[in-house]
Amino acid sequence: MLAVYPVLFIIALCTIWLGLKIAEEVYRIAVIIAGAILLVMGFVSAPPFVQVGSVLLLLGIYQLYVSQPKYNLFVRNEVEAVKTVECIGSGCK
């Protein structure tokens, strides 16, 4: 079996990289769309283990680079305790 998908992936990545280097906006959009179509064709023609592996790899990269909200219960409780201490005075509501 001919392994076409790696060739399509390489051509797609090179095309998208070339499209990002083009100064003219219309040609840039056209080349990047052509590269995206090649990337999709390479992904569809790949075997299932390559597809699953690439999706898992992308999910791992997504988890590394997307900032996750940090919840610290202790800091929130300390802030509430400070507010309580501030309101001990006679004019506090």
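Reading the values: the criteria
- Residues numbered from 1 in each chain as written.
- Predicted model: local features only at pLDDT ≥ 70, side-chain atom pairs only at ≥ 80, totals over all residues.
- Heavy atoms only, no water.
- Helix = DSSP H or I, 4+ residues; strand = E, 2+ residues; numbered from the N terminus.
- Areas by Shrake-Rupley, 256 points an atom, 1.4 Å probe, with all protein chains shown as cover.
- Buried < 20%, exposed > 50% of the residue type's maximum accessible area, 1.4 Å probe, protein only.
- Contact = heavy atoms within 4.5 Å.
- pLDDT = per-residue confidence, 0-100.
- Expected span 1.5 Å × (residues − 1).
- Arc of directions from axis to C-beta.

Quick notes on the overall build of the protein
The secondary structure content of the protein amounts to four helices and zero strands. Traced from its N-terminal end to its C-terminal end, the protein shows the element sequence α-α-α-α. Carbon and sulfur atoms form 74% of the exposed surface of the protein, whose accessible area is close to 8,000 Å².

A short note on the environment of isoleucine 16
Tracing the backbone shows isoleucine 16 in helix α1 (residues 5-21). For isoleucine 16, a relative accessible area of 21% gives the class partly exposed. Put simply, isoleucine 16 and isoleucine 33 are 17 residues apart on the chain and 8.1 Å apart in space, counted from C-alpha to C-alpha. Leaving out residues up to four positions away in the same chain, isoleucine 16 has contacts with Ile32, Gly35, Ala36 and Leu39.

Side note on the confidence of the model for the protein
For the protein, per-residue confidence averages 80 on the pLDDT scale, and residues scoring 70 or more make up 69% of the total. Mean pLDDT values for the elements of the protein range from 52 in helix α4 (residues 73-86) up to 92 in helix α2 (residues 25-45).

Observations concerning α2
Between its terminal C-alpha atoms α2 stretches 30 Å, which fits the 30 Å expected from 21 residues at 1.5 Å a residue. Taken residue by residue, α2 has Val31, Gly35 and Gly42 as its buried positions. Along the axis of α2, the buried positions cluster into a sector of 40°, meaning they face one direction only. Seen from the open side of α2, the exposed residues pointing more than 90 degrees away from its buried face are Glu25, Val26, Val40 and Val44. Taken together, the buried residues of α2 touch α1.

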